[in-house]
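Listed here are the chains, written in short residue letters.
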Amino acid sequence: MSSVSLGTTEALIDEVFLFGRVLRDALVSEGDGHIPRALTGVLLVLAARGECRQNELASELCVSQSSLSRQITDLVDVGYVTRHSDPADGRAFRIRVSPEGMAYVKHVRTQRAARMQKLMTGWNETEAAIALESIRHLKETLFDPEHRIVTSSNPIGTQSV
């Protein structure tokens, strides 16, 4: 039995969903770069994660491997990602952000951080650190495989909201 009430969890789901939309609208600008937002998101996660297999990144992004494969191809085509055979398994690929991709990531992250910092005028460092810790804790809880729900319509193991 959970120590959090059903009402609180319902409200939390609503707020997290809306938070994602508000965050995207507040921080993501079409002027960030010349690639679509979805590709920028993939690139940011790959840069933070480091070199990996495509299936590992798909799992972390909670997307299908086929969807990610198309996005990786687009990122390879613009020169932001490199893809090479996995030495441990020639059928699989390993991907990593190229130096050009890292420059783009740095540019986007700097722009977004500056926008966020401006929006958080009135917050102090302690409040920001508490929010960061709460968001990390919630993300880690939701990403924990023990808590993920597998459904036939969502084969990667996450429950759709």
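Use the structure listed above.
So, here is what we can say about the structure in this document. (Residues numbered from 1 in each chain as written. Predicted model: local features only at pLDDT ≥ 70, side-chain atom pairs only at ≥ 80, totals over all residues. Heavy atoms only, no water.)

Section: the overall build of the protein
If you tally the helices and strands in the protein, you get six helices and three strands. A buried classification covers 22% of the 161 residues belonging to the protein. For the protein, contacts bridging at least 24 residues in sequence account for 54% of all contacts bridging at least 6. In the form shown here, the protein has an accessible surface area of approximately 11200 Å², with 57% of it arising from carbon and sulfur atoms. (Helix = DSSP H or I, 4+ residues; strand = E, 2+ residues; numbered from the N terminus. Buried < 20%, exposed > 50% of the residue type's maximum accessible area, 1.4 Å probe, protein only. Contact = heavy atoms within 4.5 Å. Areas by Shrake-Rupley, 256 points an atom, 1.4 Å probe, with all protein chains shown as cover.)

Remarks on the packing of helix α1 (residues 6–27) against helix α5 (residues 99–119)
At a closest axis distance of 9 Å, the pairing of α1 and α5 adopts a crossing angle of 110°. Between α1 and α5, the angle falls in the class roughly perpendicular. Facing α1, whose interface residues are L23, A26 and L27, α5 presents R112, R115, M116 and L119. Counted by class, the contact of α1 with α5 contains five nonpolar, no polar and two charged residues. (Axes fitted to C-alpha atoms, helices over the stretch in contact; angles between N-to-C directions. Parallel < 35°, antiparallel > 145°, perpendicular 65-115°, else oblique. Nonpolar A, V, L, I, M, F, W, Y, C, P; charged D, E, K, R; others polar.)

Regarding unusual backbone geometry
At C62, a position not held by glycine, the phi torsion is positive, near 60°. Residue position: C62 is located in the loop between α3 (54–61) and α4 (65–77). Overall, C62 belongs to the partly exposed group, its relative accessible area being 33%.

A few points about the environment of L39
Inspection of the secondary structure puts L39 in helix α2 (residues 37–49). A relative accessible area of 8% places L39 in the buried class. Sequence-wise, L39 and L68 are 29 residues apart; in three dimensions their C-alpha atoms are separated by 9.4 Å. Not counting chain neighbours up to four residues away, the residues in contact with L39 comprise Q71, D74 and L75.

Quick word on the pattern of salt bridges
Within this structure, the stated rule accounts for nine salt bridges. The residue D25 makes a salt bridge to R24 at a minimum N-O spacing of 3.9 Å. When the shortest N-O distance is used, the salt bridge between E51 and R94 registers 2.9 Å. Separated by 43 residues along the polypeptide, E51 in the loop between α2 and β1 (52–53) and R94 in strand β3 (residues 89–97) bring together distant segments of the chain. Connected via shared salt-bridge partners are E51, R53, D86, D89, R91, R94 and R96. (Salt bridge = Lys/Arg side-chain N within 4 Å of Asp/Glu carboxyl O.)

Looking at the packing of aromatic side chains
Summed over the entire model, instances satisfying the criterion amount to one aromatic pair. Seen in terms of ring centroids, Y80 and Y104 are 5.0 Å apart; in terms of plane orientation they differ by 25°. Their pairing is stacked. Of this pair, Y80 sits in the loop between α4 and β2 (81–86) while Y104 sits in helix α5; the two residues are 24 residues apart in sequence, bridging distant segments of the chain. Note that R83 overlies the ring of F93, its terminal NZ or CZ placed 5.8 Å from the centroid. (Phe/Tyr/Trp six-rings, centres within 6.5 Å; stacked < 30°, edge-to-face > 60°. Lys NZ or Arg CZ within 6 Å of the ring centre and 35° of its normal.)

Focus: the packing of α3 against α4
The N-to-C vectors of α3 and α4 enclose an angle of 110°; their axes lie 9 Å apart at closest approach. Relative to α4, the element α3 is oriented roughly perpendicular. In this structure, α3 meets α4 at a crossing whose hand is right-handed. Where α3 approaches α4, its residues Q54, N55, L57, A58 and L61 are matched on the opposing element by Q65, L68, S69 and I72. Class assignment of the residues belonging to the contact of α3 with α4 gives a composition of five nonpolar, four polar and no charged. (Left-handed = near helix turned anticlockwise from the far one by under 90°.)

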